[in-house]
Amino acid sequence: MDTLTQNESSQTCPQQCCCTTSIFTSPNSQTTKSPKHRNSSSECRHTFASSTTSLIFPNTHFTNHESLPSLQESFTEFSKVYPQYSETEQVDHVRAKEYSHLSVSNHTCLDYIGIGLFSYSQMQHYHVHDSSKTELSVHQKTQDYSPPFTDMPFFSISCKTGFLKTLLLHGGKDSEFESAMRKRIMKYLNVSENDYYMVFTANRTSAFKLVADCYHFQKSRKLLTVYDHESEAIEAMIGSSEKRGAKAMSAEFSWPRLRIQSAKLRKMIVSNGKKKKNKKGLFVLPLHSRVTGSRYPYIWISIAQENGWNVLVDACALGSKDMDCFGLSLFQPDFLICSCYKVFGENPSGFGCLFIKKTSISMLETNSSVGIVNLVPEKNQKDSSILTLHLKEEEPFYMTSLSAKFEKGEASEIKIIDPHEESKQSQRFEIEEVDDKQVQILQKGVTVKESEKNEDFDIECKCLDQVDSLGLILINDRARYLINWLVNSMSKLKHPNTEGVPLVKIYGPKVKFDRGPAIAFNVFDWKGEKVEPVLVQKLADRSSISISYGLLHHIWFADKYGDEKGRILKEGKKKEREKDGISVVTAALGFLANFEDVYKLWCFVARFLDADFVEKERWRYTALNQKTVEV
């Protein structure tokens, strides 16, 4: 391949670049970059960033939300800068077909973190919104009938008793449903059953606390975490570990880009490192920040392992299919944690996943193991069978009373046929007429059987299937275009006063090729005073935009930012405990995000350019007899 000149590259690279972040970059290395002799990967990244900032709204600032270009105008310019975005239109087809609720409700979901399991269309397939659909006569036949579940039909969770170490060493009886779900998730994450055990937990926080409760902190007393934001899960882990005698430490992050303070982190890792064989403790690393979108070099895992640490990798904020390029077989952390939810934009409930390397079980103690759960299908049926019911002529029946009829013997005859005689079917009930007084009811789908004869038992997790089909490159490219457009466009908003005060301050990486698909920011009024993130979130919700808020902490300020430090940290003080930090608004893009989603967020934030916007919204709340938003 001929080397592109800088001019040629600047015109083509943003559309055709597919280079990825090096996972082996040393955190302390300073790569020398000559303007004339950059390697292709470095040139690609540089050109991407410069093209984004120079071609999207060049030399333009918006001081009035009514002056923003329309959605169509903005998308046209966006497409000129990122023409290969059109090659990701397969995501739009999936969204339209499988997640129609996002368009119908016109709701923008930017607050989902984790792995989606099912699609909205699957949920709709099992829901019956019209109660009239539940009544069928013996002469009716349908191919589209679905049972009247009142909630998500896929599964619920129940507490599981026992000690974690005991369950891992001696095993536990899993239902066929749980076994199939475990295999599907491990396949999606490229985690080998030969190397790791997988445990279902109530949620992400439960998974972290479970590790803290069982890790041998009596022998390896340190806990070192790398988080630029406050996390409920990490706070629970720190609290539990400290009760068991551990010394908790944290990495620090340089203001204002929030990069890891590499020298300090390395010192904490290698301290007293003469006896590397003696385990120091547990090193916890998220592969990127779920709040700021900062990505962290994977080399930290190797550095920690080489210096006698056990390693827990937090994969909860990883983008879709990012595990494909993680190199799990290379790093082999002792623990890996991720979280799953049911349906994007509809049902955020789900569970946590704790992976434990089989050779690391010895470091666990037989302690309380609260948080382990079983996955239980909603209906918890014990058979998947064809039932033949003899009913009175013209007698209507209700599926909701089917089990009652069976238990009470109200049906004149019930014949159970071996389900293995039937071919695999989709998950639904069908009514088949046999003669004038008899119907067959075929109950199909995911159920828990008492026997374990069916080795081919499988679960259709449509969201996982869709992500697998789309692939890593397409998903990452799409997210890269969208998040960098949003970051750049946010920076173009300025108040219409003589000082030109920026409306938005972004924390962490700005426009950057390899930034994660999350953004942390704050909105400031024309006086330069911060609008509280909680208020921004509430007002966004009224505009059908779901975003989150959080607290950035462990921030290190260089001397030149001394004046800024006091003012910034004062804003983040909490009433309950005086913890230094910065409260921020945060938004995260999932694989289904489209241009309209980021455009809507941009337009919403731009409304704060109106000095009276907050006051108008407060009176609007009052007028609608809703709870007043305190300013």
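If you tally the helices and strands in the protein chain, you get 20 helices and 26 strands. Long-range contacts, defined as pairs at least 24 residues apart, comprise 78% of the intrachain contacts of the protein chain with a sequence gap of at least 6.

Turning next to helix α3 (residues 71-81). For α3, the set of buried residues is S74, F78 and V81. Buried residues of α3, viewed axially, fall in a sector of 55°; they line one side. Opposite the buried face of α3, by more than 90 degrees, sit the exposed residues Q72 and K80.

This brings us to the packing of aromatic side chains. Using the criterion set out here, one finds 33 aromatic pairs in the structure. Plain terms: the ring middles of Y112 and F344 are 4.9 Å apart, the flat faces sit at 55° to each other, and that makes the pair tilted. Of this pair, Y112 sits in the loop between β1 (108-109) and β2 (115-118) while F344 sits in the loop between β12 (335-343) and β13 (347-357), placing them 232 residues apart in sequence. The class for Y112 is buried, based on a relative accessible area of 14%. A relative accessible area of 7% places F344 in the buried class. Over the face of the ring belonging to F155 we find K342, whose NZ or CZ atom lies 4.8 Å from the ring centre. Above the plane of the ring of W619 lies R618, whose end atom (NZ or CZ) is 4.8 Å from the centre.

Our focus in this paragraph is the pairing of strand β10 (residues 281-286). With 6 of 6 residues buried, β10 lies mostly within the body of the structure. Here 4 bridges tie strand β6 (residues 222-225) to β10, and the two strands are oriented parallel to one another. Bridging across to β10, T225 finds its partner in V284. Pairing analysis gives 6 bridges linking β10 to strand β11 (residues 309-314), with the strands arranged parallel. What sits directly across from G281, in β11, is W309. With helix α12 (residues 299-306) bridging β10 and the parallel β11, this β-α-β connection has right-handed handedness.

Turning our eyes to something else, we now look at the pattern of salt bridges. Considering all chains together, one arrives at 21 salt bridges under this definition. Where D514 meets R45, a salt bridge forms, and the shortest distance between an N and an O atom there is 3.7 Å. Within this pair, whereas D514 is found in the loop between β20 (504-507) and β21 (518-524), its partner R45 is found in helix α2 (residues 40-55), the two being separated by 469 residues in sequence. Neither residue differs from the other here; D514 and R45 are each classed as buried. With a shortest N-O distance of 2.9 Å, D468 and R184 are connected by a salt bridge. Here the residue D468 occupies a position in helix α15 (residues 462-470), and R184 occupies one in helix α8 (residues 176-189), the gap between them amounting to 284 residues. For R184, a relative accessible area of 9% puts it in the buried group. Here the salt bridges do not stand alone but share partners, grouping R184, K321, D324, D465 and D468 into one network.

Another point: the nonpolar core. Nonpolar side chains tend to gather and get buried jointly when the protein is soluble and globular. Counting 86 residues, the largest nonpolar core has M181, I185, L265, F283, F351 and F355 as its most contacted members. The dominant element in this core, judged by the number of residues it contributes, is α8, at 7 residues. Dropping the residues within four chain positions of it, F283 is found in contact with L224, V226, L265, I269, W300, A304, W309, N310, V311 and L312. If you look at the next biggest cluster of nonpolar residues, it comprises 52 residues, including V81, L493, V504 and W602.

The N-to-C vectors of α3 and helix α19 (residues 595-606) enclose an angle of 120°; their axes lie 11 Å apart at closest approach. Here α19 runs oblique to α3, going by the angle between their axes. The way α3 lies across α19 gives a crossing that is right-handed. Facing α3, whose interface residues are L71, S74, F75 and F78, α19 presents F595, E596, Y599 and W602. The class makeup of the residues in the contact of α3 with α19 is 6 nonpolar, 1 polar and 1 charged.

Below, the discussion takes up the environment of S329. Checked against the element boundaries, S329 lands in helix α13 (residues 328-331). Judged by relative accessible area, S329 falls into the exposed class, the value being 65%. Taking the C-alpha atoms as reference points, S329 and V191, separated by 138 residues in sequence, lie 8.5 Å from one another.

A word on the sheet that holds strand β9 (residues 259-260). Strand order in the open sheet formed by 3 strands is β9-β8-β25, with mixed pairing between adjacent strands. Looking at which strands have only one partner, the edges of the open sheet turn out to be β9 and β25 (555-556). Relative to β9, strand β8 (residues 253-254) runs antiparallel, the two sharing 2 bridges. Within β9, the residue paired with S254 across the bridge is R259.

Okay, α12 next. An α-helical turn contains 3.6 residues, so any two residues separated by three or four positions project in the same direction. With 6 of its 8 residues buried, α12 lies for the most part within the structure. Along α12, the residues that are buried comprise I299, W300, I301, S302, I303 and A304. Against the buried residues of α12 lie β9, α11 (262-270), β10, β11 and α13.

Below, the discussion takes up the environment of V504. Residue placement: V504 occurs in strand β20. Classification of V504 as buried rests on a relative accessible area of 10%. With 26 residues separating them along the chain, V504 and K530 place their C-alpha atoms 9.4 Å apart. Aside from chain neighbours lying at most four places away, what touches V504 is M490, L493, F521, N522 and V605.

For the rest of this paragraph, the subject is the pairing of strand β5 (residues 196-201). Most of β5 sits inside the fold, with 5 of its 6 residues counted as buried. Note: β5 against β13, 6 bridges, orientation antiparallel. Note that in β13 the partner of Y197 across the bridge is I356.

This part is about the confidence of the model for the protein chain. Scored by pLDDT, the protein chain comes out at a mean of 78, with 72% of its residues at no less than 70. Predicted confidence for residues 1-24 stays below pLDDT 50, and this span has 46 contacts to residues more than four positions away or in other chains. Counting interchain partners and residues more than four positions distant, the pLDDT-below-50 stretch residues 574-578 has 5 contacts.

Rules of the game
Residues numbered from 1 in each chain as written. Predicted model: local features only at pLDDT ≥ 70, side-chain atom pairs only at ≥ 80, totals over all residues. Heavy atoms only, no water. Helix = DSSP H or I, 4+ residues; strand = E, 2+ residues; numbered from the N terminus. Contact = heavy atoms within 4.5 Å. Buried < 20%, exposed > 50% of the residue type's maximum accessible area, 1.4 Å probe, protein only. Arc of directions from axis to C-beta. Phe/Tyr/Trp six-rings, centres within 6.5 Å; stacked < 30°, edge-to-face > 60°. Lys NZ or Arg CZ within 6 Å of the ring centre and 35° of its normal. Pairing = 2+ DSSP bridges. Right-handed = clockwise from strand over helix to strand, strands pointing away. Salt bridge = Lys/Arg side-chain N within 4 Å of Asp/Glu carboxyl O. Core = buried A, V, L, I, M, F, W, Y, C linked by side-chain atoms within 4.5 Å. Axes fitted to C-alpha atoms, helices over the stretch in contact; angles between N-to-C directions. Parallel < 35°, antiparallel > 145°, perpendicular 65-115°, else oblique. Left-handed = near helix turned anticlockwise from the far one by under 90°. Nonpolar A, V, L, I, M, F, W, Y, C, P; charged D, E, K, R; others polar. pLDDT = per-residue confidence, 0-100.

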